[in-house]
Each structure stands twice: as C-alpha cells, then as structure tokens.
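Letter by letter, the chains look like this.
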Amino acid sequence: MDIRVEDAAFDLGRETNAFATRQAGMGAVVTFTGIVRDLDKGALSAMEIEHYPGMTQKALEAIATEAKTRWNLGDVLVIHRYGRLHPDEMIMMVATSARHRVDAFQAAEFLMDFLKSRAPFWKKEVTQEGAEWVAAKDIDEDALKRW
Amino acid sequence: MDVLYFAWVRERVGHPKDRIETNPATVMDLVNDLRAREPRYEAAFSDLGALRVAIDQELADFDASLAGAREVAFFPPMTGG
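Residues numbered from 1 in each chain as written. Chains lettered and ligands numbered in written order. Predicted model: local features only at pLDDT ≥ 70, side-chain atom pairs only at ≥ 80, totals over all residues. Heavy atoms only, no water.

**Here we look at the interface of chain A and chain B**
Okay, step 1: Opposite the 25 residues of chain A that make contact, chain B presents 19 residues.
Okay, step 2: The junction of chain A with chain B conceals about 1,800 Å² of combined surface from both sides, 57% of it contributed by carbon and sulfur atoms.
Okay, step 3: Among the residues chain A hides against chain B, the three largest losses belong to Tyr52, Trp122 and Trp133 of chain A. Together they make up 35% of the total.
Okay, step 4: Our enumeration of links across chain A and chain B arrives at two salt bridges.
Okay, step 5: With a closest N to O distance of 2.5 Å, lysine 124 of chain A and glutamate 11 of chain B form a salt bridge.
Okay, step 6: Scanning the region where chain A abuts chain B turns up 13 residue pairs in polar contact (both at pLDDT 80 or more).
Okay, step 7: Secondary structure elements with two or more residues in the side of chain A that touches chain B: β3 (46-51), α2 (53-70), β6 (90-98), α3 (101-118) and β7 (121-127) of chain A.
Okay, step 8: Of the residues forming the side of chain A that touches chain B, the biggest block, five residues, is contributed by α3 of chain A.
Okay, step 9: Residue classes in the side of chain A that touches chain B are distributed as 15 nonpolar, four polar and six charged. (Contact = heavy atoms within 4.5 Å. Buried area = accessible area lost by both parts, 1.4 Å probe. Salt bridge = Lys/Arg side-chain N within 4 Å of Asp/Glu carboxyl O. Polar contact = N/O pair within 3.5 Å; in protein donor to acceptor, adjacent residues only side chain to side chain. Helix = DSSP H or I, 4+ residues; strand = E, 2+ residues; numbered from the N terminus. Nonpolar A, V, L, I, M, F, W, Y, C, P; charged D, E, K, R; others polar.)

Right, dumping it as structure tokens:
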C-alpha cells in the first residue's frame with residue numbers, strides 16, 4: 001500500500017507505469033485521476049486544498065485497508081495533493097491492482113467514494129470575485145450507502 | 001488539550017488552534033465552553049449540523065466522551081477527491 005499526501009505535482013504516466021510494473025500475478029490495474037475543473041462560467045483562477053496533516057494519512061490508510069479486506073486486491077496507490085492548484089492540474093489519483101478486473105474497478109470506486117467524504121480535505125474555489133469553500137454534496141454522502 | 005479548526009471553521013474562529021486547560025466531559029460540553037467565549041466562536045458553532053468533529057484524529061460524534069483526549073478538531077464536511 002502506497003499512500004502519499006503531497007503538495008508537489010505528480011506524473012500520472014510514471015506513477016501508473018511504476019505501479020503496474022511492480023505487480024506480480026495481477027491481471028488488472030485500474031486508475032482514476034481527479035483534475036481541477038473550471039467552473040461552468042469559466043472563471044476559476046485557483047483551487048485551494050486544505051487538509052488536516054495529522055489525520056489525512058491515517059484516514060487514507062484506513063480506507064485503503066478496508067478496501068483490501070473487501071476485495072481481492074494486489075495493491076493500492078493513493079496520491080492526493082494539497083495547496084494551491086490551477087484548472088487542468090491533477091489533484092489526486094488512485095490505482096488498484098487485482099487478479100481480476102471487477103475487484104480492481106469496484107475497489108477504485110469504493111476508495112473514491114470514501115476519500116471524497118471521509119478523508120480530511122477541504123476545497124476552496126478562488127475566482128476574481130473572491131473565494132468560496134466548496135460545499136459537500138448530499139449525493140457524495142449518499143454514495144457511501146451502496147457499500 | 002489542543003482544539004484545531006479547519007476550513008471555514010478556522011476562518012470564522014480567526015485562528016487554527018486553541019489550547020484548552022479545562023476538562024470538558026464531552027465534545028458538546030467543549031462546544032458550549034467555546035461558544036460562550038466570544039461572538040466569533042458562536043458564529044463558527046451556530047449550526048452543528050454543518051460541522052464534523054474528530055477526537056485524536058478519528059471521526060467522532062458530538063456526544064462522545066473527551067476522557068483522555070489530547071486533540072479535538074472541528075471542520076465542515078470533507079470535500080476531497
């Protein structure tokens with residue numbers, strides 16, 4: 001299990017390759033990448049991501065450990081950035097490996113659902129008009145119930 | 001005990017951390033102590049439904065005991081990913 005919380009940008013291709021190459025006997029690798037998306041009106045100048053340093057790593061490890069108990073997984077990678085990001089920058093990625101693809105897909109979705117609502121990160125959208133904290137969505141909280 | 005604030009809770013309180021020398025029994029007792037301090041705390045804690053709490057870096061409930069707790073954190077619902 002490789003869990004990293006960092007401010008620096010990561011190289012999606014290199015991370016995915018490194019993850020895929022170190023899996024032995026795994027038939028499937030699934031990755032998901034979250035990217036800073038501009039607002040509908042196209043006015044986002046930055047996305048500021050705050051986190052709770054003492055808790056973030058532990059919370060992510062707990063979520064990844066839970067995924068490994070629920071699915072037959074080879075390995076899990078989570079990278080999540082914090083600090084000031086700009087539109088089109090990558091915020092985070094997860095990768096899962098498994099002998100069969102269903103485990104890898106489902107575990108990746110589970111990781112994303114829990115990471116959105118149970119890992120201590122908070123996003124703030126910065127525009128010319130000012131800055132606003134992103135409100136949590138009911139749909140994200142509801143997504144946890146399917147697991 | 002250290003009390004930490006994140007995101008808009010931190011902004012409303014005006015700083016990221018307080019050190020509490022009293023020994024509130026539960027999270028709710030701590031919240032009531034804080035609200036009694038100054039209007040900016042009252043503003044931060046006016047809607048508990050919009051807040052989450054962690055005790056020693058684990059999510060908890062507002063009626064949870066603070067016995068032995070070293071760090072309590074208040075923050076809005078998380079928006080990672």
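Read on, since the account is not over.
**Section: the sheet that holds strand β8 (residues 130-133) of chain A**
All names here are of chain A.
Okay, step 1: Taken in spatial order, the four strands of this open sheet run β5-β3-β7-β8, and their pairing is antiparallel. Where the open sheet ends on each side, the last strands, each with one partner, are β5 (83-85) and β8. Strand-to-strand twist across the sheet, computed as the mean angle between neighbouring axes with direction ignored, equals 25°.
Okay, step 2: The pairing of β3 with β7 spans six bridges and is classified as antiparallel. The residue bridging histidine 51 from the neighbouring strand is phenylalanine 121, located in β7. (Pairing = 2+ DSSP bridges. Axes fitted to C-alpha atoms, helices over the stretch in contact; angles between N-to-C directions.)

**Overview of the environment of glutamate 109 of chain A**
Residues and elements named next belong to chain A.
Okay, step 1: Position of glutamate 109 among the secondary structure elements: in helix α3.
Okay, step 2: Residue glutamate 109 is classed as partly exposed on the basis of its relative accessible area of 41%.
Okay, step 3: C-alpha separation for the pair glutamate 109 and valine 30, spaced 79 residues apart in sequence, amounts to 9.8 Å.
Okay, step 4: Not counting residues within four places of it along the chain, the set of residues in contact with glutamate 109 comprises Arg146 and Trp147. (Buried < 20%, exposed > 50% of the residue type's maximum accessible area, 1.4 Å probe, protein only.)

**As for the side chain of glutamate 50 of chain A**
Okay, step 1: Turning to its location among the elements, glutamate 50 of chain A is positioned in strand β3.
Okay, step 2: For glutamate 50 of chain A, a relative accessible area of 15% gives the class buried.
Okay, step 3: The residues touching glutamate 50 of chain A, leaving out its near neighbours within four places in the chain, are Pro120, Phe121, Trp122 and Trp133 of chain A together with Phe6, Ala7 and Arg10 of chain B.

**Topic: the sheet that holds strand β3 (residues 52-55) of chain B**
Neighbouring strands of a sheet are bound in pairs by backbone hydrogen bonds; such pairs are parallel or else antiparallel.
Residues and elements named next belong to chain B.
Okay, step 1: As summarised here, the arrangement of the five strands in space is β2-β1-β5-β3-β4, forming an open sheet in which the pairing is mixed. Of all the strands in the sheet, just β2 (17-19) and β4 (58-60) have a single pairing partner and so form its edges. Across the sheet, the mean angle separating the axes of adjacent strands is 25° when strand polarity is ignored.
Okay, step 2: For strand β1 (residues 2-5) and β2, the ladder comprises three bridges, and the chain directions are antiparallel. Residue pairing in the sheet places valine 3 in a bridge with aspartate 18 of β2.
Okay, step 3: Running at roughly 70° to strand β5 (residues 71-75), helix α2 (residues 27-35) makes contact with β1, β3 and β5 of the sheet.

**So, the nonpolar core**
Okay, step 1: Counting residues in each nonpolar core, the largest one holds 34 residues, and the members touching the most others are Tyr52 of chain A together with Tyr5, Val27, Leu34, Phe45 and Phe74 of chain B.
Okay, step 2: When sequence neighbours within four positions are dropped, the list of residues in contact with valine 27 of chain B reads Val53, Ile55, Asp61, Phe62, Ala64, Leu66 and Phe74 of chain B.
Okay, step 3: Counting 33 residues, the second-largest nonpolar core is a separate cluster that includes Val5, Ala67, Met92 and Val94 of chain A. (Core = buried A, V, L, I, M, F, W, Y, C linked by side-chain atoms within 4.5 Å.)

**Quick notes on the pairing of β3 of chain A**
Residue and element names in this part refer to chain A.
Okay, step 1: By the criterion of burial, β3 is predominantly enclosed, with five of the six residues buried.
Okay, step 2: In terms of strand pairing, β3 meets β5 through three bridges, oriented antiparallel. Each residue of the ladder has a partner; that of isoleucine 49, found in β5, is glycine 83.

**Comments concerning the packing of aromatic side chains**
Okay, step 1: Under the criterion given, the structure shown has 13 aromatic pairs over all chains.
Okay, step 2: A ring pair is formed by tryptophan 71 of chain A and tryptophan 147 of chain A, whose centres lie 5.5 Å apart and whose planes are at 85°; its orientation type is edge-to-face. Residue tryptophan 71 of chain A is located in the loop between α2 and β4 (73-81), and its partner tryptophan 147 of chain A is located in the segment after α4 (138-143); the two are separated by 76 residues in the primary sequence.
Okay, step 3: Taken together, Tyr5, Tyr41, Phe45, Phe62 and Phe74 of chain B form an aromatic cluster joined through their ring pairs.
Okay, step 4: Positioned above the aromatic ring of tyrosine 41 of chain B, the side-chain terminus of arginine 37 of chain B is 5.5 Å from the ring centre. (Phe/Tyr/Trp six-rings, centres within 6.5 Å; stacked < 30°, edge-to-face > 60°. Lys NZ or Arg CZ within 6 Å of the ring centre and 35° of its normal.)

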